[in-house]
Structures are given as structure tokens and as C-alpha cells.
Amino acid sequence: MKVAPVTFIWTAIIFNFCAFLAIMIWGLVSQLYIYTIFFALGLLLWVFFFFSIRPFISFTAELLRTAATIAGQYPSTQLTAFFFLALKVGWIFFWSYTVLLVQRRFSEGAIKFLSVWLIFSFYWTFQVLLNLVHTTVSGFYATWYFMSGTWGMPESPVAASLKRAVTTSFGSVCLGSLIVAIIQTLRTLLRNSRGQRDNILAAIADCLLSWIEAIARYFNEYAFVYVATYGKSFCESARSVWELFEGNGLSAIINDSIVSKVMFMGNITGGIFVGIAGMILPAAFGVTGGLRLFISGGAFLLGFVLVGIMLQVVSSGITTIFVCYAEDSEALRRNQPALYDAIRETFGGAVVNSNVVV
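Residues numbered from 1 in each chain as written. Predicted model: local features only at pLDDT ≥ 70, side-chain atom pairs only at ≥ 80, totals over all residues. Heavy atoms only, no water.

**Points about the overall build of the chain**
Moving on, step 1. Each helix and strand counted, the chain has 12 helices and 2 strands in total.
Moving on, step 2. Mapped from its N terminus to its C terminus, the chain presents α and β elements in the order α-α-α-α-α-α-α-α-α-α-α-α-β-β.
Moving on, step 3. Intrachain contacts of the chain at a sequence separation of at least 6 include 75% that bridge at least 24 residues.
Moving on, step 4. For the chain, the exposed area adds up to about 19,000 Å²; of that, 71% sits on carbon and sulfur atoms. (Helix = DSSP H or I, 4+ residues; strand = E, 2+ residues; numbered from the N terminus. Contact = heavy atoms within 4.5 Å. Areas by Shrake-Rupley, 256 points an atom, 1.4 Å probe, with all protein chains shown as cover.)

**Focus: the confidence of the model for the chain**
Moving on, step 1. For the chain, per-residue confidence averages 81 on the pLDDT scale, and residues scoring 70 or more make up 85% of the total.
Moving on, step 2. The least confident element of the chain, judged by mean pLDDT, is strand β1 (residues 351–352) at 37; the most confident is helix α6 (residues 157–165) at 94.
Moving on, step 3. Segment residues 349–358: pLDDT under 50, and 22 contacts once partners within four positions in sequence are set aside and those in other chains are kept. (pLDDT = per-residue confidence, 0-100.)

**What to know about the pattern of salt bridges**
Moving on, step 1. Applying the stated rule across the entire model yields 6 salt bridges.
Moving on, step 2. Asp-206 is the salt-bridge partner of Arg-187, the closest N and O atoms lying 2.9 Å from each other. Within this pair, whereas Arg-187 is found in helix α7 (residues 170–196), its partner Asp-206 is found in helix α8 (residues 200–230), the two being separated by 19 residues in sequence. Like Arg-187, the residue Asp-206 is buried in the burial classification.
Moving on, step 3. With a shortest N-O distance of 2.9 Å, Glu-213 and Arg-187 are connected by a salt bridge. Here Glu-213 is found in helix α8, whereas its partner Arg-187 is found in helix α7, with 26 residues between them in sequence.
Moving on, step 4. Classification of Glu-213 by relative accessible area gives buried; the value is 9%.
Moving on, step 5. Here the salt bridges do not stand alone but share partners, grouping Arg-187, Arg-191, Asp-206, Glu-213 and Arg-217 into one network. (Salt bridge = Lys/Arg side-chain N within 4 Å of Asp/Glu carboxyl O. Buried < 20%, exposed > 50% of the residue type's maximum accessible area, 1.4 Å probe, protein only.)

**Remarks on the packing of aromatic side chains**
Moving on, step 1. One pass over the structure, following the stated rule, counts 17 aromatic pairs.
Moving on, step 2. A ring pair is formed by Trp-95 and Phe-122, whose centres lie 4.8 Å apart and whose planes are at 50°; its orientation type is tilted. Taken together, the residues span a long stretch of sequence, with Trp-95 in helix α4 (residues 76–105) and Phe-122 in helix α5 (residues 108–147) at a distance of 27 residues.
Moving on, step 3. Accessibility expressed as a relative area gives 18% for Phe-122, which makes it buried.
Moving on, step 4. With centroids separated by 6.4 Å and ring planes inclined at 65°, the aromatic side chains of Phe-146 and Tyr-230 adopt a geometry described as edge-to-face. Of this pair, Phe-146 sits in helix α5 while Tyr-230 sits in helix α8, and the two are 84 residues apart along the sequence.
Moving on, step 5. Note that Lys-88 overlies the ring of Phe-126, its terminal NZ or CZ placed 5.9 Å from the centroid.
Moving on, step 6. Just above the ring of Tyr-230 sits the side chain of Lys-232; from NZ or CZ to the centre is 5.5 Å. (Phe/Tyr/Trp six-rings, centres within 6.5 Å; stacked < 30°, edge-to-face > 60°. Lys NZ or Arg CZ within 6 Å of the ring centre and 35° of its normal.)

**Topic: helix α3 (residues 57–73)**
Moving on, step 1. Relative to the 24 Å expected for 17 residues at 1.5 Å per residue, α3 spans 24 Å between its end C-alpha atoms, a close match to the ideal helical length.
Moving on, step 2. Of all 17 residues making up α3, 12 are buried, and the element is well covered by its neighbours. (Expected span 1.5 Å × (residues − 1).)

**A look at α8**
Moving on, step 1. The end-to-end C-alpha distance of α8, which contains 31 residues, comes to 45 Å, matching closely the 45 Å that a straight helix rising 1.5 Å per residue would cover.
Moving on, step 2. Phi turns positive, to about 70°, at Gly-231, one or two residues after α8.

**Description of the packing of α4 against α5**
Moving on, step 1. At a minimum axis separation of 10 Å, α4 and α5 run at an interaxial angle of 175°. Comparing the axis directions of α4 and α5 gives the class roughly antiparallel.
Moving on, step 2. Here the residues of the contact of α4 with α5 are counted per class, giving 19 nonpolar, 7 polar and 1 charged. (Axes fitted to C-alpha atoms, helices over the stretch in contact; angles between N-to-C directions. Parallel < 35°, antiparallel > 145°, perpendicular 65-115°, else oblique. Nonpolar A, V, L, I, M, F, W, Y, C, P; charged D, E, K, R; others polar.)

**Overview of the nonpolar core**
Moving on, step 1. Grouped together as the largest cluster of nonpolar side chains are 61 residues, with contacts concentrated most on Ile-13, Leu-63, Tyr-141, Tyr-145, Val-314, Leu-332 and Ile-343.
Moving on, step 2. If you look at the next biggest cluster of nonpolar residues, it comprises 6 residues, including Val-180, Leu-190, Ala-202 and Ala-216. (Core = buried A, V, L, I, M, F, W, Y, C linked by side-chain atoms within 4.5 Å.)

**Re the packing of α5 against α8**
Moving on, step 1. Relative to each other, α5 and α8 sit at 50°, their axes nearing to 8 Å. Judged by the angle between their axes, α5 and α8 are oblique. Crossing handedness for the pair α5 and α8: right-handed. Along its contact with α5, which presents Gln-127, Leu-130, Asn-131, His-134, Thr-135, Ser-138, Gly-139, Ala-142 and Phe-146, the element α8 presents Arg-217, Glu-221, Phe-224, Val-225, Ala-228, Thr-229 and Tyr-230.
Moving on, step 2. Residue classes in the contact of α5 with α8 are distributed as 7 nonpolar, 7 polar and 2 charged. (Left-handed = near helix turned anticlockwise from the far one by under 90°.)

Right, dumping it as C-alpha cells:
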């Protein structure tokens, strides 16, 4: 990915196009014409989307190459991500054990009340752990952006960023995570009510909440960059994100759309390679049949998850560099003039109000 980011991007684009085309052909052959029409429209929208994002491919590729290179130079970013993965797994086990204790020791009426709290606590804690990784990585990339090559660059920038994330920025991380956790809790309660009876209003509400959750997650991703970079509160960061989107919103969305497809393609690729290894190695030890397929499937999932964790670090880095570049492109010109020139070339060098816009 550090060597050929443009190749990765084009591979992801072609993969998505072929997926739409294959499903459309399958629907046509199977005489499922509704599916055919639906995915034909999706294919047309994808073609329109492709021509819309073409001017941004080189720009995103430069950000991708830079973020991946920096992550490779500082492997502690990956270690931080895996450390929090261990905390997430530990939290899942602890939460599950707590649920079992509640079911054994409380009455049915108390269980209904406590279930809401347990669901909420699960989502909130999980979101906090997830966003602490993003905030830590964002703080590290911001430190690199503003201080690389200067006397102010810390010896351990990842550790310094982690310290800020779990101390001065922890309240902001909890507040932003709280918003998403409340939405997730409401969706879970609605889905449970739909399971008990056919409730069309609950289905509509769940759909609306899913959109709100997606928007909140996307908004938080940028808000936590401001929290990590400038030490702002969550509310102040939210205002900064709104101002950023007013001038650069379309570019941010297009950039993130390209990145998300590359990340997914990277996850699939990692899963395939590990899955193939999981298919070959058991055969060397005489394992055959269904067990071999089970091991290969598990290896695919393992590779998918592990590669996803590593690429999430790169994704956070891309978002951070984008925000920092939009807010203060001069800092990059002072500290990394070669990268500054490369980004301006790929982006066309458009500048408005002293800030680079997309």
C-alpha cells in the first residue's frame, strides 16, 4: 500500500464495479428482474460516482501513501490498536459474565430494568475503547504533521498522544461515544420490540435511527481529530467540524468514500491470504474434509479482522492529515515541503481563505 496506493484504489473501484455487474447478471439469469433493475440502477449510480471521484484519486492516493508510510515508521500505532482490541475482548467477556449473574440473582421485573442499563453500558464502553484508539492515532499523526523535523517532536509521540487521550481528552471521548451509544441502545430495544410483534412503526424508527447513527459516527470521526489535535472539548470540536464541512464537506465525503473502499478491499485481501494459508497448512498435517474447511474459514475471518485493525490506523491517519491540511497547510510546507508539493500537485493547488479546500 505504501508503494502503489493508486493501484490499490483502482483495484477497489474495479472490484466494486464487478460486484454490481455480477449480481445484476445473476438476477437476469435467475429471472429475478426486480433485483436486476435494482442493481442496474446501482451500477449506473456507481458509474456516475466513479466519474465524480476521478479528480480526487491522486489526492487520496498521496494521503494513503503518506499515512501508511508513517504507520510503518511507528509500529507502536499498531501495538496500540491491538492493545485496545485485547481490552475490547476482555470487556465482552466481563459483560457476558455480568449478564449471567444478573439473570441468576434478580427477579424478572428487575432483569427487564437492568437489561436496558446492561445494553447501554456495553455499547458505551465499547464505543469509548474504539474512539480512544482513533483519538490516540489522530493525536500522533497531528504531532507528526505539526512537529516532524522540529525540536518539539516528542521521543515517543504515540505514548504522549495516548496519555492525552486517556486524561485531558477522555471526557470529550466519553461524550461523543455517549451519543452513539444511546442511539445503538434505542435501536436494540426497537429490534427486540419488532421481534415480539410485527410493528411497522418500530421498523421505520429503526431505519431512521440507523441513518442517524451513521451520521453521528461519521461526525465523531472528524470531531475526535480536533479533540486530539487542538485539545478542544467535544462541543468546540463539533463546531469546528461543522465549519470544516461548510467549506470542504464534499471533498471529505469523496475522500472517505474512496478510502473506505480501499480499506475493505485490503481486509478482503488479507482474509484471502490467511484463509489460503489456513487451507494449505492443515493439509500438510493430514487434516482433510470439513475440519480443513472450518479452519480455513476461521483463518479468513482472523485475517480479515487483523488486517482491518491495522488499516484502521491508516484510515485515522488519512482523516487527520486531511483535517490538518485543510486547517493549516503552511505547517506542512514548513515541515514536509516535498509532501506539501505532492499534495498540491495532486489536488490542483486550490486555495481559498488561506486554507486549502477541496
